[in-house]
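Spelled out, the chains give:
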Amino acid sequence: MINSIVKRFGQLATASTLLCTSVLALADAPQDLEKKLTAIDSFKADFSQVITDEFGTLIDKSSGHFELQRPQLFRWVVSEPFEQEIVADGVNLWQFDIDIEQINVSSLDQTLANSPAALLSQAQLDVATNYEVASVKGEGDEVMMYHLMPRDPDALYEVLIIEFKGDELVALQVRDNLGQSTLVDFTNVVMNPEFDDNYFEFEVPEGVDVIDSRNSLDDEDESF
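What you see as residue numbers is a count from 1 along each chain, following the sequence as written. With the structure being a predicted model, the display of local features is reserved for residues of pLDDT at least 70 and the display and counting of side-chain atom pairs for 80 or more, all residues being used for whole-chain, interface and lining totals. The basis for every side-chain value is the complete set of heavy atoms in the structure, and neither hydrogens nor water enter the calculation.

Peer 1: Mind showing me how you'd approach the overall build of the chain here?
Peer 2: Runs of E in the DSSP output that reach at least two residues are strands. Runs of H or I that reach at least four are helices, and both are numbered from the N terminus. When helices and strands are counted, the chain shows six helices and twelve strands. Here the chain holds 224 residues, and 43% of them are scored as buried. The contacts in the chain between residues at least 6 apart in sequence include a share of 51% that link residues at least 24 apart. Carbon together with sulfur atoms contributes 49% to the accessible area of the chain, which is approximately 12200 Å² in total. Each residue is assigned to one of three classes by its accessible area relative to the maximum for its type, calculated with a 1.4 Å probe on protein chains only: buried under 20%, partly exposed between the two thresholds, exposed over 50%. Whether two residues touch is decided by their heavy atoms; if any such pair falls within 4.5 Å, the residues are in contact. Areas reported as accessible are Shrake-Rupley estimates using a 1.4 Å probe. Residue values count occlusion only from the protein chains shown.

Peer 1: Please clarify how the packing of aromatic side chains should be interpreted in this entry.
Peer 2: For any two aromatic rings, the description comes down to two numbers: the centre-to-centre distance and the angle of the planes. Paired rings are identified among Phe, Tyr and Trp, the last through its six-membered ring, by centres lying within 6.5 Å, and are further divided according to the angle between planes into stacked (under 30 degrees), edge-to-face (over 60) and tilted (the rest). Following the criterion strictly, the structure yields twelve aromatic pairs and no others. A ring pair is formed by Phe-43 and Phe-66, whose centres lie 6.1 Å apart and whose planes are at 55°; its orientation type is tilted. Of this pair, Phe-43 sits in strand β1 (residues 42-52) while Phe-66 sits in strand β2 (residues 58-69); the two residues are 23 residues apart in sequence, bridging distant segments of the chain. In textbook terms, an aromatic cluster arises when at least three aromatic residues are bridged by ring pairs, as seen for Phe-43, Phe-47, Phe-66, Phe-74, Trp-76 and Phe-186.

Peer 1: Sorry if this is basic, but what is going on with the environment of Val-87 here?
Peer 2: Of note, Val-87 is situated in strand β4 (residues 84-89). Residue class for Val-87 comes out buried when judged on its relative accessible area of 0%. Counting along the chain gives 20 residues from Val-87 to Glu-67, while the straight-line C-alpha distance between them is 9.5 Å. Setting aside its immediate chain neighbours within four residues, Val-87 contacts Phe-74, Arg-75, Asn-92, Leu-93, Trp-94, Phe-200 and Phe-202.

Peer 1: Whenever I open this one, unusual backbone geometry confuses me. Can you help?
Peer 2: Cis peptide bonds are those with omega within 30 degrees of zero, and the linkage from Arg-70 to Pro-71 qualifies with -5°. Its place among the elements puts Pro-71 in the loop between β2 and β3 (73-80). A positive phi angle, close to 60°, is found at Gln-72, a residue other than glycine. Within the fold, Gln-72 resides in the loop between β2 and β3. Non-glycine residue Asn-192 carries a positive phi angle of around 55°. Mapped onto the fold, Asn-192 is located in the loop between β11 (181-191) and β12 (209-212). By relative accessible area, Asn-192 is classed as partly exposed at 36%.

Peer 1: How should I be thinking about the nonpolar core in this particular structure?
Peer 2: As a rule of thumb, nonpolar side chains are buried together in soluble globular proteins. Throughout, nonpolar core names a set of buried Ala, Val, Leu, Ile, Met, Phe, Trp, Tyr and Cys residues whose side chains join them through atoms within 4.5 Å. Leu-33, Phe-43, Leu-119, Leu-148, Ile-162, Leu-169 and Phe-186 are the most contacted members of the largest nonpolar core, which has 36 residues in total. The contact partners of Phe-43, leaving out residues within four places of it in the chain, are Phe-66, Glu-67, Leu-68, Leu-169, Phe-186, Val-189, Val-190, Met-191, Asn-192, Pro-193 and Phe-195. One finds Val-87, Trp-94, Ile-103 and Val-105 within the second-largest nonpolar core, a separate group that totals seven residues.

Peer 1: Would you mind showing me how to read the environment of Ile-162 here?
Peer 2: Along the chain, Ile-162 turns up in strand β9 (residues 157-165). Given the relative accessible area of 1%, Ile-162 is considered buried. Sequence-wise, Ile-162 and Leu-37 are 125 residues apart; in three dimensions their C-alpha atoms are separated by 9.9 Å.

Peer 1: What's the story with the sheet that holds β4 in this structure? I'm lost.
Peer 2: Within a sheet, adjacent strands bond to each other through the backbone by hydrogen bonds, running parallel or antiparallel. Only strands joined by at least two bridges in the DSSP assignment are considered to pair. Taken in spatial order, the twelve strands make up an open sheet running β7-β8-β9-β10-β11-β1-β2-β3-β4-β5-β6-β12, and their pairing is mixed. Each edge of the open sheet is held by one strand with a lone partner, namely β7 (131-137) and β12. On average, adjacent strands in this sheet sit at an angle of 20° to one another, irrespective of strand direction. Between the N-to-C directions of two axes lies an angle of 0 to 180 degrees, each axis being a line fitted to C-alpha atoms and, for a helix, fitted only over the stretch in contact.

Peer 1: Would you explain the pairing of β9 in this entry?
Peer 2: Where a strand is regular, its side chains alternate between the two sheet faces. Summarising burial for β9: seven of the nine residues are buried, a large majority. Relative to β9, strand β8 (residues 143-150) runs antiparallel, the two being bridged by six bridges. Pairing of Met-144 across the sheet is with Phe-164, part of β9. Connecting the antiparallel pair β8 and β9 is a turn made up of six residues. Pairing analysis gives eight bridges linking β9 to strand β10 (residues 168-176), with the strands arranged antiparallel. Each residue of the ladder has a partner; that of Ile-161, found in β10, is Gln-173.

Function-wise, these values are silent; they only describe arrangement.
Here it is in structure tokens:
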């Protein structure tokens, strides 16, 4: 896994150079990426995630499974090292830390704004308007990496890399404004699976504490 991170960071540097020097790549890459993302109506996969600091030191490793359906529905379930479930139901974002029996709920629109999750789950895409984009050929047949730099100065990250093998989403890599990097590899990928109508609803278990950030946001809005 660490070797994979080093290779990916090297490809990230290559993408940065390409982004700065290749006008042709900028012309074609956003449309190509938008076409691939638009084709993903739903998604299902296992994941492994590695987080490193600005010096490349390992901060955290986790694994679990991820399911998504447009628009704004997803379930991110961590099984190792600590159980956690994050569910977007189209309106709210629920974060359930199972080991401490605590749930945080917030407004989905405000939580997803300027985040990588918005790009995967939003209904309408406009990649060229929101990002500078370059594409880089990865290792192996049909592997393509799309390097995105958000145009919004308030974005929560500096760089996002989306990796495809053919039309299959296989990895995401994010570097935030503090230099911390997150690499997510997807395996056992199923493109456009069918989910039940109520699959992404979240039910609060009995006896679990709920911290509701939506109320505080409503109170702030009423004060203006």
